[in-house]
There are 2 protein chains.
Amino acid sequence: MSGSAVGDKIRKMSSRQQIPGPTVKRLTLYLREVDRRLAAGEVRVSSRQLGQEIGVTDTQIRKDLSWFGQFGQAGVGYLLDDLGSRLRQILGKDRTWKTALVGAGRLGQAIMSYGPFAREGFEIAAVFDADPRLVGTEVVKRRIRPMADLDRLVRDRDILLGIVSVPKEAAQVTADLLIDAGVLGILNFAPVRLEVGDRASVVTVDFSARLEQLAFQVSLGLKGSIDVDE
Amino acid sequence: MSGSAVGDKIRKMSSRQQIPGPTVKRLTLYLREVDRRLAAGEVRVSSRQLGQEIGVTDTQIRKDLSWFGQFGQAGVGYLLDDLGSRLRQILGKDRTWKTALVGAGRLGQAIMSYGPFAREGFEIAAVFDADPRLVGTEVVKRRIRPMADLDRLVRDRDILLGIVSVPKEAAQVTADLLIDAGVLGILNFAPVRLEVGDRASVVTVDFSARLEQLAFQVSLGLKGSIDVDE
(Lines give C-alpha, C1' and ligand atoms only; values in the text may rest on other atoms or scores of the structure.)
Protein backbone atom coordinates (compact mmCIF):
# COMPACT_ATOMS: atom_id res chain seq x y z
CA MET A 1 0.00 0.00 0.00
CA SER A 2 1.43 3.41 -0.86
CA GLY A 3 2.10 5.90 1.89
CA SER A 4 -0.83 8.14 1.08
CA ALA A 5 -3.19 5.14 0.82
CA VAL A 6 -2.41 4.28 4.45
CA GLY A 7 -3.17 7.85 5.44
CA ASP A 8 -6.40 7.84 3.46
CA LYS A 9 -7.48 4.62 5.15
CA ILE A 10 -6.92 6.09 8.61
CA ARG A 11 -8.58 9.36 7.56
CA LYS A 12 -11.64 7.46 6.41
CA MET A 13 -11.73 5.45 9.63
CA SER A 14 -11.37 8.65 11.66
CA SER A 15 -14.46 10.16 10.14
CA ARG A 16 -16.84 7.63 11.68
CA GLN A 17 -18.89 8.23 14.80
CA GLN A 18 -16.96 9.27 17.88
CA ILE A 19 -16.22 6.58 20.46
CA PRO A 20 -16.86 7.59 24.10
CA GLY A 21 -13.73 8.21 26.23
CA PRO A 22 -14.56 5.55 28.88
CA THR A 23 -14.92 2.95 26.09
CA VAL A 24 -11.39 3.79 24.91
CA LYS A 25 -10.02 3.29 28.42
CA ARG A 26 -11.80 -0.05 28.74
CA LEU A 27 -10.51 -1.24 25.35
CA THR A 28 -6.94 -0.90 26.62
CA LEU A 29 -7.92 -2.94 29.71
CA TYR A 30 -9.47 -5.62 27.48
CA LEU A 31 -6.29 -5.81 25.39
CA ARG A 32 -4.12 -6.16 28.50
CA GLU A 33 -6.34 -8.97 29.79
CA VAL A 34 -6.40 -10.72 26.38
CA ASP A 35 -2.59 -10.57 26.21
CA ARG A 36 -2.34 -11.95 29.75
CA ARG A 37 -4.58 -14.90 28.83
CA LEU A 38 -2.72 -15.52 25.55
CA ALA A 39 0.58 -15.55 27.46
CA ALA A 40 -0.97 -18.13 29.82
CA GLY A 41 -1.73 -20.36 26.82
CA GLU A 42 -5.51 -19.81 26.72
CA VAL A 43 -7.35 -19.91 23.38
CA ARG A 44 -10.91 -18.74 23.93
CA VAL A 45 -12.73 -16.44 26.35
CA SER A 46 -16.35 -15.46 27.03
CA SER A 47 -17.43 -11.86 27.71
CA ARG A 48 -18.21 -12.89 31.26
CA GLN A 49 -14.75 -14.40 31.85
CA LEU A 50 -13.03 -11.44 30.22
CA GLY A 51 -14.91 -9.01 32.43
CA GLN A 52 -14.43 -10.87 35.71
CA GLU A 53 -10.77 -9.97 36.22
CA ILE A 54 -11.22 -6.30 35.32
CA GLY A 55 -14.55 -5.65 36.97
CA VAL A 56 -16.63 -4.99 33.85
CA THR A 57 -19.96 -6.69 33.09
CA ASP A 58 -20.33 -8.91 30.01
CA THR A 59 -23.08 -6.58 28.75
CA GLN A 60 -20.67 -3.63 28.90
CA ILE A 61 -17.97 -5.56 27.03
CA ARG A 62 -20.38 -6.55 24.25
CA LYS A 63 -21.62 -2.96 24.03
CA ASP A 64 -18.07 -1.56 23.85
CA LEU A 65 -17.04 -3.99 21.12
CA SER A 66 -20.25 -3.41 19.14
CA TRP A 67 -18.86 0.00 18.14
CA PHE A 68 -16.46 -1.89 15.87
CA GLY A 69 -18.78 -4.37 14.18
CA GLN A 70 -19.28 -8.09 14.74
CA PHE A 71 -17.03 -9.81 17.28
CA GLY A 72 -17.13 -13.39 18.61
CA GLN A 73 -20.10 -15.77 18.52
CA ALA A 74 -23.05 -16.07 20.91
CA GLY A 75 -22.50 -18.95 23.33
CA VAL A 76 -18.98 -19.61 22.02
CA GLY A 77 -17.15 -16.44 23.00
CA TYR A 78 -14.06 -14.93 21.40
CA LEU A 79 -10.92 -16.49 19.99
CA LEU A 80 -8.28 -14.66 22.03
CA ASP A 81 -5.92 -14.39 19.07
CA ASP A 82 -8.55 -12.70 16.87
CA LEU A 83 -9.78 -10.44 19.64
CA GLY A 84 -6.22 -9.32 20.43
CA SER A 85 -5.50 -8.48 16.77
CA ARG A 86 -8.73 -6.52 16.41
CA LEU A 87 -8.14 -4.56 19.63
CA ARG A 88 -4.56 -3.78 18.59
CA GLN A 89 -5.87 -2.54 15.25
CA ILE A 90 -8.62 -0.45 16.86
CA LEU A 91 -6.16 1.12 19.29
CA GLY A 92 -3.56 1.85 16.60
CA LYS A 93 -0.99 -0.49 18.13
CA ASP A 94 -0.61 -2.59 14.98
CA ARG A 95 1.46 -0.10 12.99
CA THR A 96 4.39 2.30 13.11
CA TRP A 97 3.26 5.90 13.45
CA LYS A 98 5.35 8.37 11.46
CA THR A 99 5.79 11.59 13.37
CA ALA A 100 7.08 15.07 12.50
CA LEU A 101 8.84 17.00 15.26
CA VAL A 102 8.71 20.79 15.00
CA GLY A 103 11.08 22.74 17.25
CA ALA A 104 14.63 21.39 17.66
CA GLY A 105 15.56 23.48 20.71
CA ARG A 106 16.35 22.09 24.16
CA LEU A 107 12.97 20.38 24.54
CA GLY A 108 12.90 19.09 20.96
CA GLN A 109 16.37 17.61 21.44
CA ALA A 110 15.27 15.96 24.69
CA ILE A 111 12.30 14.45 22.82
CA MET A 112 14.55 13.24 19.97
CA SER A 113 16.73 11.50 22.58
CA TYR A 114 13.74 9.89 24.30
CA GLY A 115 14.31 6.14 24.11
CA PRO A 116 10.83 4.61 24.48
CA PHE A 117 9.26 6.24 21.39
CA ALA A 118 10.79 3.79 18.90
CA ARG A 119 10.02 0.81 21.14
CA GLU A 120 6.34 1.82 21.29
CA GLY A 121 5.97 2.08 17.52
CA PHE A 122 6.65 5.78 16.92
CA GLU A 123 9.16 6.94 14.33
CA ILE A 124 10.34 10.55 14.16
CA ALA A 125 10.36 10.76 10.37
CA ALA A 126 11.29 14.45 10.00
CA VAL A 127 12.49 17.32 12.23
CA PHE A 128 11.82 20.98 11.46
CA ASP A 129 12.93 24.29 12.95
CA ALA A 130 12.48 27.95 12.04
CA ASP A 131 15.97 28.95 13.24
CA PRO A 132 18.29 29.34 10.20
CA ARG A 133 21.26 28.55 12.46
CA LEU A 134 19.83 25.07 13.11
CA VAL A 135 18.47 24.29 9.64
CA GLY A 136 20.78 21.98 7.70
CA THR A 137 22.76 20.97 10.78
CA GLU A 138 22.55 17.60 12.52
CA VAL A 139 21.09 17.58 16.03
CA VAL A 140 20.94 14.31 17.99
CA LYS A 141 21.94 12.62 14.70
CA ARG A 142 18.98 14.12 12.81
CA ARG A 143 19.08 16.58 9.94
CA ILE A 144 17.04 19.70 10.75
CA ARG A 145 14.74 20.80 7.90
CA PRO A 146 13.44 24.29 7.16
CA MET A 147 9.77 25.09 7.83
CA ALA A 148 9.34 25.68 4.10
CA ASP A 149 9.79 21.93 3.53
CA LEU A 150 7.20 20.91 6.14
CA ASP A 151 4.15 20.65 3.90
CA ARG A 152 5.92 18.65 1.18
CA LEU A 153 7.77 16.26 3.51
CA VAL A 154 4.74 15.55 5.70
CA ARG A 155 2.72 14.67 2.59
CA ASP A 156 5.48 12.70 0.85
CA ARG A 157 6.31 10.64 3.94
CA ASP A 158 2.66 10.21 4.92
CA ILE A 159 3.31 11.55 8.40
CA LEU A 160 0.15 11.38 10.53
CA LEU A 161 1.32 12.73 13.90
CA GLY A 162 3.08 15.95 14.82
CA ILE A 163 5.04 16.88 17.96
CA VAL A 164 5.02 20.61 18.74
CA SER A 165 8.00 21.69 20.86
CA VAL A 166 8.23 25.34 19.74
CA PRO A 167 7.88 28.46 21.96
CA LYS A 168 4.26 29.06 22.93
CA GLU A 169 3.93 32.08 20.63
CA ALA A 170 4.59 29.81 17.62
CA ALA A 171 2.56 26.79 18.75
CA GLN A 172 -0.80 27.58 17.11
CA VAL A 173 0.65 28.49 13.71
CA THR A 174 2.82 25.34 13.84
CA ALA A 175 -0.23 23.20 14.61
CA ASP A 176 -2.12 24.81 11.71
CA LEU A 177 0.76 24.10 9.31
CA LEU A 178 0.91 20.46 10.42
CA ILE A 179 -2.85 19.97 10.09
CA ASP A 180 -2.92 21.65 6.67
CA ALA A 181 -0.24 19.19 5.56
CA GLY A 182 -2.43 16.26 6.62
CA VAL A 183 -1.41 15.51 10.20
CA LEU A 184 -4.29 13.98 12.21
CA GLY A 185 -2.91 14.19 15.74
CA ILE A 186 -0.67 16.62 17.63
CA LEU A 187 1.32 16.05 20.80
CA ASN A 188 1.66 19.57 22.17
CA PHE A 189 4.43 20.51 24.60
CA ALA A 190 3.82 24.28 24.44
CA PRO A 191 2.07 25.75 27.50
CA VAL A 192 -0.94 26.90 25.51
CA ARG A 193 -4.28 25.39 24.52
CA LEU A 194 -4.31 24.73 20.77
CA GLU A 195 -7.50 25.49 18.86
CA VAL A 196 -7.95 22.77 16.27
CA GLY A 197 -11.73 22.37 16.17
CA ASP A 198 -12.57 18.98 14.67
CA ARG A 199 -9.60 19.02 12.30
CA ALA A 200 -7.30 16.92 14.50
CA SER A 201 -6.74 15.31 17.89
CA VAL A 202 -4.51 17.12 20.37
CA VAL A 203 -2.87 15.81 23.52
CA THR A 204 -1.11 18.46 25.59
CA VAL A 205 1.77 17.58 27.87
CA ASP A 206 1.53 20.25 30.56
CA PHE A 207 4.55 20.16 32.89
CA SER A 208 2.97 22.78 35.15
CA ALA A 209 -0.25 20.83 35.59
CA ARG A 210 1.80 17.76 36.55
CA LEU A 211 3.80 19.73 39.12
CA GLU A 212 0.54 21.19 40.48
CA GLN A 213 -0.88 17.69 40.77
CA LEU A 214 2.23 16.67 42.71
CA ALA A 215 1.87 19.66 45.06
CA PHE A 216 -1.81 18.70 45.66
CA GLN A 217 -0.78 15.15 46.46
CA VAL A 218 1.91 16.27 48.89
CA SER A 219 -0.47 18.76 50.52
CA LEU A 220 -3.12 16.09 50.84
CA GLY A 221 -0.74 13.45 52.13
CA LEU A 222 -1.17 11.07 49.20
CA LYS A 223 1.78 8.71 48.92
CA GLY A 224 3.13 6.35 46.31
CA SER A 225 3.63 6.37 42.57
CA ILE A 226 0.81 7.81 40.50
CA ASP A 227 1.21 7.71 36.73
CA VAL A 228 -0.62 10.32 34.73
CA ASP A 229 -2.61 7.56 33.02
CA GLU A 230 -4.14 6.13 36.13
CA MET B 1 8.55 30.63 60.48
CA SER B 2 11.92 29.07 59.66
CA GLY B 3 12.34 26.98 56.55
CA SER B 4 12.40 23.66 58.35
CA ALA B 5 9.36 24.59 60.44
CA VAL B 6 7.35 25.00 57.22
CA GLY B 7 8.55 21.57 56.09
CA ASP B 8 7.65 20.03 59.44
CA LYS B 9 4.18 21.51 59.29
CA ILE B 10 3.58 20.03 55.84
CA ARG B 11 5.12 16.71 56.90
CA LYS B 12 2.78 16.56 59.88
CA MET B 13 -0.21 17.40 57.71
CA SER B 14 0.86 14.75 55.18
CA SER B 15 0.76 12.01 57.80
CA ARG B 16 -2.97 12.21 58.33
CA GLN B 17 -5.49 9.88 56.75
CA GLN B 18 -5.35 9.57 52.97
CA ILE B 19 -7.89 11.57 50.99
CA PRO B 20 -9.59 9.64 48.12
CA GLY B 21 -8.50 10.61 44.61
CA PRO B 22 -12.00 11.60 43.38
CA THR B 23 -12.32 13.97 46.36
CA VAL B 24 -9.09 15.70 45.28
CA LYS B 25 -10.44 16.16 41.76
CA ARG B 26 -13.71 17.60 43.09
CA LEU B 27 -11.86 20.00 45.43
CA THR B 28 -10.22 21.62 42.42
CA LEU B 29 -13.65 21.94 40.79
CA TYR B 30 -15.03 23.56 43.96
CA LEU B 31 -12.15 26.06 44.02
CA ARG B 32 -12.72 26.97 40.39
CA GLU B 33 -16.44 27.52 41.05
CA VAL B 34 -15.74 29.54 44.22
CA ASP B 35 -13.29 31.76 42.30
CA ARG B 36 -15.86 32.24 39.53
CA ARG B 37 -18.50 33.34 42.06
CA LEU B 38 -16.04 35.63 43.88
CA ALA B 39 -15.12 37.25 40.56
CA ALA B 40 -18.86 37.80 39.95
CA GLY B 41 -19.07 39.69 43.26
CA GLU B 42 -20.93 37.02 45.25
CA VAL B 43 -20.32 36.70 49.00
CA ARG B 44 -22.01 33.53 50.21
CA VAL B 45 -22.96 30.15 48.75
CA SER B 46 -24.85 27.06 49.92
CA SER B 47 -23.66 23.49 49.24
CA ARG B 48 -26.62 23.08 46.92
CA GLN B 49 -25.81 26.21 44.88
CA LEU B 50 -22.11 25.30 44.74
CA GLY B 51 -22.93 21.83 43.46
CA GLN B 52 -25.50 22.89 40.86
CA GLU B 53 -23.05 24.28 38.29
CA ILE B 54 -20.60 21.39 38.56
CA GLY B 55 -23.05 18.51 38.86
CA VAL B 56 -22.24 17.40 42.42
CA THR B 57 -24.86 16.87 45.14
CA ASP B 58 -24.80 19.02 48.31
CA THR B 59 -24.35 15.83 50.37
CA GLN B 60 -21.19 14.96 48.39
CA ILE B 61 -19.79 18.47 48.85
CA ARG B 62 -20.35 18.38 52.62
CA LYS B 63 -18.81 14.90 52.77
CA ASP B 64 -15.74 15.99 50.75
CA LEU B 65 -15.17 19.07 52.91
CA SER B 66 -15.68 17.11 56.14
CA TRP B 67 -12.24 15.52 55.57
CA PHE B 68 -10.78 18.90 56.51
CA GLY B 69 -12.78 19.75 59.64
CA GLN B 70 -15.60 22.22 60.17
CA PHE B 71 -16.66 24.37 57.20
CA GLY B 72 -19.60 26.75 56.84
CA GLN B 73 -22.75 26.85 58.97
CA ALA B 74 -25.93 24.79 58.67
CA GLY B 75 -28.65 26.85 56.95
CA VAL B 76 -26.28 29.75 56.22
CA GLY B 77 -23.78 28.17 53.84
CA TYR B 78 -20.20 29.21 53.22
CA LEU B 79 -18.53 32.59 53.02
CA LEU B 80 -16.94 32.35 49.58
CA ASP B 81 -13.82 34.20 50.70
CA ASP B 82 -13.18 31.77 53.58
CA LEU B 83 -14.01 28.70 51.52
CA GLY B 84 -11.63 29.85 48.75
CA SER B 85 -8.76 30.38 51.22
CA ARG B 86 -9.30 27.00 52.87
CA LEU B 87 -9.47 25.18 49.51
CA ARG B 88 -6.31 26.96 48.31
CA GLN B 89 -4.58 25.92 51.52
CA ILE B 90 -5.79 22.31 51.26
CA LEU B 91 -4.66 22.09 47.64
CA GLY B 92 -1.24 23.65 48.32
CA LYS B 93 -1.95 26.70 46.16
CA ASP B 94 -1.32 29.20 48.96
CA ARG B 95 2.48 28.94 48.99
CA THR B 96 5.60 28.83 46.86
CA TRP B 97 6.94 25.30 46.47
CA LYS B 98 10.73 25.08 46.49
CA THR B 99 11.94 22.49 44.06
CA ALA B 100 15.26 20.76 43.37
CA LEU B 101 16.01 19.76 39.78
CA VAL B 102 18.37 16.82 39.30
CA GLY B 103 19.74 16.32 35.80
CA ALA B 104 20.81 19.40 33.83
CA GLY B 105 21.01 17.74 30.42
CA ARG B 106 18.77 18.57 27.44
CA LEU B 107 15.53 17.78 29.26
CA GLY B 108 16.64 19.47 32.50
CA GLN B 109 17.53 22.60 30.56
CA ALA B 110 14.15 22.53 28.83
CA ILE B 111 12.47 22.28 32.24
CA MET B 112 14.58 25.16 33.62
CA SER B 113 13.43 27.28 30.67
CA TYR B 114 9.77 26.36 31.17
CA GLY B 115 7.96 29.63 31.82
CA PRO B 116 4.77 28.63 33.65
CA PHE B 117 6.47 27.06 36.71
CA ALA B 118 7.23 30.37 38.43
CA ARG B 119 3.78 31.74 37.61
CA GLU B 120 2.12 28.71 39.22
CA GLY B 121 4.06 29.05 42.48
CA PHE B 122 7.02 26.74 41.83
CA GLU B 123 10.59 27.91 42.40
CA ILE B 124 13.57 25.87 41.18
CA ALA B 125 15.74 26.49 44.24
CA ALA B 126 18.71 24.29 43.30
CA VAL B 127 19.96 22.36 40.25
CA PHE B 128 22.20 19.29 40.51
CA ASP B 129 24.09 17.10 38.05
CA ALA B 130 26.50 14.19 38.30
CA ASP B 131 28.53 15.29 35.26
CA PRO B 132 31.77 17.00 36.44
CA ARG B 133 31.86 18.96 33.16
CA LEU B 134 28.54 20.64 34.08
CA VAL B 135 29.10 21.12 37.81
CA GLY B 136 30.11 24.68 38.63
CA THR B 137 29.02 26.04 35.25
CA GLU B 138 25.94 28.16 34.60
CA VAL B 139 23.20 26.57 32.49
CA VAL B 140 20.08 28.59 31.61
CA LYS B 141 21.40 31.16 34.15
CA ARG B 142 21.57 28.61 36.97
CA ARG B 143 24.64 27.37 38.78
CA ILE B 144 24.90 23.57 38.57
CA ARG B 145 25.70 21.94 41.93
CA PRO B 146 27.45 18.59 42.51
CA MET B 147 25.39 15.63 43.77
CA ALA B 148 27.48 15.67 46.94
CA ASP B 149 25.79 18.95 47.92
CA LEU B 150 22.23 17.65 47.36
CA ASP B 151 21.48 16.45 50.87
CA ARG B 152 22.76 19.61 52.58
CA LEU B 153 21.18 22.09 50.14
CA VAL B 154 17.78 20.36 50.10
CA ARG B 155 17.72 20.45 53.92
CA ASP B 156 19.08 24.01 54.28
CA ARG B 157 16.69 25.45 51.71
CA ASP B 158 13.74 23.37 52.94
CA ILE B 159 13.08 22.03 49.47
CA LEU B 160 9.97 19.81 49.43
CA LEU B 161 9.69 18.79 45.77
CA GLY B 162 12.19 17.18 43.40
CA ILE B 163 12.25 17.02 39.61
CA VAL B 164 14.08 13.97 38.22
CA SER B 165 15.39 14.49 34.67
CA VAL B 166 18.31 12.07 34.72
CA PRO B 167 18.80 9.00 32.47
CA LYS B 168 16.51 6.15 33.48
CA GLU B 169 19.38 4.10 34.95
CA ALA B 170 19.99 6.86 37.52
CA ALA B 171 16.37 7.73 38.30
CA GLN B 172 15.73 5.43 41.27
CA VAL B 173 18.96 6.31 43.11
CA THR B 174 18.26 10.00 42.48
CA ALA B 175 14.75 9.65 43.89
CA ASP B 176 16.14 7.87 46.97
CA LEU B 177 18.70 10.65 47.55
CA LEU B 178 15.98 13.31 47.29
CA ILE B 179 13.64 11.47 49.66
CA ASP B 180 16.44 10.83 52.17
CA ALA B 181 17.12 14.58 52.14
CA GLY B 182 13.49 15.30 53.03
CA VAL B 183 11.73 15.76 49.70
CA LEU B 184 8.03 14.78 49.88
CA GLY B 185 7.11 14.74 46.20
CA ILE B 186 8.88 13.83 42.97
CA LEU B 187 8.04 14.82 39.41
CA ASN B 188 9.65 12.02 37.41
CA PHE B 189 10.55 12.49 33.73
CA ALA B 190 12.55 9.26 33.44
CA PRO B 191 10.77 6.45 31.56
CA VAL B 192 10.77 4.15 34.58
CA ARG B 193 8.42 3.49 37.47
CA LEU B 194 9.99 4.75 40.71
CA GLU B 195 9.58 2.63 43.82
CA VAL B 196 9.04 4.98 46.74
CA GLY B 197 6.62 3.02 48.94
CA ASP B 198 4.89 5.42 51.28
CA ARG B 199 7.91 7.70 51.64
CA ALA B 200 6.82 10.24 49.02
CA SER B 201 4.37 11.12 46.26
CA VAL B 202 5.46 10.56 42.67
CA VAL B 203 3.96 11.91 39.47
CA THR B 204 5.50 10.51 36.29
CA VAL B 205 5.46 12.48 33.04
CA ASP B 206 5.49 9.73 30.43
CA PHE B 207 5.99 11.14 26.91
CA SER B 208 5.43 7.71 25.36
CA ALA B 209 2.11 7.17 27.12
CA ARG B 210 0.94 10.57 25.86
CA LEU B 211 1.94 9.77 22.29
CA GLU B 212 0.18 6.39 22.62
CA GLN B 213 -2.93 8.17 23.84
CA LEU B 214 -2.75 10.44 20.80
CA ALA B 215 -2.41 7.45 18.46
CA PHE B 216 -5.48 5.85 20.10
CA GLN B 217 -7.44 9.04 19.64
CA VAL B 218 -6.47 9.32 15.98
CA SER B 219 -7.24 5.63 15.40
CA LEU B 220 -10.60 6.01 17.10
CA GLY B 221 -11.47 9.22 15.31
CA LEU B 222 -11.61 11.40 18.44
CA LYS B 223 -11.12 15.05 17.58
CA GLY B 224 -10.35 18.19 19.50
CA SER B 225 -8.06 19.24 22.30
CA ILE B 226 -7.75 16.83 25.20
CA ASP B 227 -5.55 17.91 28.09
CA VAL B 228 -3.97 15.20 30.18
CA ASP B 229 -5.90 16.45 33.20
CA GLU B 230 -9.30 15.98 31.73
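All values derive from a computational prediction rather than experimental measurement. (Residues numbered from 1 in each chain as written. Chains lettered and ligands numbered in written order. Predicted model: local features only at pLDDT ≥ 70, side-chain atom pairs only at ≥ 80, totals over all residues. Heavy atoms only, no water.)

A. Structural view of the overall build of chain A. When its secondary structure is counted, chain A shows 10 helices and 10 strands. Within chain A, buried positions represent 50% of all 230 residues. Long-range pairs, those at least 24 residues apart, make up 57% of the contacts in chain A with a sequence separation of at least 6. Counting only carbon and sulfur atoms, one obtains 50% of the accessible surface of chain A, whose full area is about 10,800 Å². (Helix = DSSP H or I, 4+ residues; strand = E, 2+ residues; numbered from the N terminus. Buried < 20%, exposed > 50% of the residue type's maximum accessible area, 1.4 Å probe, protein only. Contact = heavy atoms within 4.5 Å. Areas by Shrake-Rupley, 256 points an atom, 1.4 Å probe, with all protein chains shown as cover.)

B. Main features of the packing of helix α3 (residues 47–54) of chain A against helix α4 (residues 58–66) of chain A. All names here are of chain A. Running from N to C, α3 and α4 cross one another at 105 degrees; their axes reach a closest spacing of 8 Å. One element, α3, and the other, α4, form an angle in the roughly perpendicular class. For the pair α3 and α4, the contacting residues are S47, R48, L50 and G51 in the first and D58, I61 and R62 in the second. Taken together, the residues of the contact of α3 with α4 break down into two nonpolar, two polar and three charged. (Axes fitted to C-alpha atoms, helices over the stretch in contact; angles between N-to-C directions. Parallel < 35°, antiparallel > 145°, perpendicular 65-115°, else oblique. Nonpolar A, V, L, I, M, F, W, Y, C, P; charged D, E, K, R; others polar.)

C. Here's a closer look at the relation of the copies chain B and chain A. Mapping chain B onto chain A leaves a residual RMSD of 0.1 Å; the transformation is a rotation of 180 degrees accompanied by 0.0 Å of translation along its axis. Viewed as a symmetry operation, the transformation between the two copies matches a two-fold axis. Taken as a fraction of all interface residues of chain B, those also at the interface in chain A reach 100%, which identifies the copy contact as same-surface. (Least-squares fit on C-alpha atoms with pLDDT ≥ 70 in both.)

D. Here's a closer look at helix α5 (residues 80–90) of chain A. Residue and element names in this part refer to chain A. Three or more residues of α5 are buried, namely L80, L83, G84, L87 and I90. Along α5, the residues classed as buried sweep out an arc of 130 degrees about the axis, all on the same side. In the stretch just after α5, G92 is the one whose phi turns positive, near 75 degrees. (Arc of directions from axis to C-beta.)

E. Local environment of the interface of chain B and chain A. With 73 residues of chain B at the interface, the matching set in chain A holds 73 residues. Scanning the region where chain B abuts chain A turns up two salt bridges. The residue A:K93 makes a salt bridge to B:E212 at a minimum N-O spacing of 3.3 Å. Counting across the interface, chain B meets chain A through 12 residue pairs in polar contact (both at pLDDT 80 or more). If you tally residues by element for the side of chain B that touches chain A, the top one is helix α10 (residues 207–219) of chain B, at 13 residues. A per-class count over the side of chain B that touches chain A returns 41 nonpolar, 17 polar and 15 charged. (Salt bridge = Lys/Arg side-chain N within 4 Å of Asp/Glu carboxyl O. Polar contact = N/O pair within 3.5 Å; in protein donor to acceptor, adjacent residues only side chain to side chain.)

F. A look at the pairing of strand β6 (residues 142–146) of chain B. Residue and element names in this part refer to chain B. In this structure, strand β4 (residues 122–129) lies alongside β6, joined through three bridges in parallel fashion. Note on β6: the bridge partner recorded for V127 is I144. Relative to β6, strand β5 (residues 138–139) runs antiparallel, the two sharing two bridges. Its bridge partner lying in β6, E138 is registered against R143. Taken together, β5 and the strand that follows it, β6, pair antiparallel across an intervening segment of two residues, in which V140 is found at a positive phi of about 45 degrees. (Pairing = 2+ DSSP bridges.)

G. A look at the domain arrangement of chain A. When the domains of chain A are assigned, the result is domain 1 (3–90) and domain 2 (97–209). Between the C-alpha centres of domain 1 of chain A and domain 2 of chain A the distance comes to 31 Å. (Domains from an automatic or database assignment.)

H. Inspection of the environment of A:Y114 at higher detail. One can find A:Y114 in the loop between α6 (106–112) and α7 (116–119). By relative accessible area, A:Y114 is classed as buried at 9%. Ignoring sequence-local partners within four residues, the contact set of A:Y114 consists of B:F189, B:P191, B:D206, B:F207 and B:S208.

I. Structural context of the pattern of salt bridges. All names here are of chain A. The final tally for this structure, using the stated rule, is 28 salt bridges over all chains. Between R62 and D58 there is a salt bridge; the shortest N-O distance is 3.8 Å. Of this pair, R62 and D58 both sit in helix α4, separated by four residues, roughly a single helical turn. A relative accessible area of 25% places D58 in the partly exposed class. Put simply, E169 and K168 hold a salt bridge, and the shortest N to O gap is 3.7 Å.

J. Examining the environment of B:E138 more closely. Tracing the sequence through the fold places B:E138 in strand β5. Considering only alpha carbons, one finds B:E138 and B:P191, 53 residues apart in sequence, at a separation of 27 Å.

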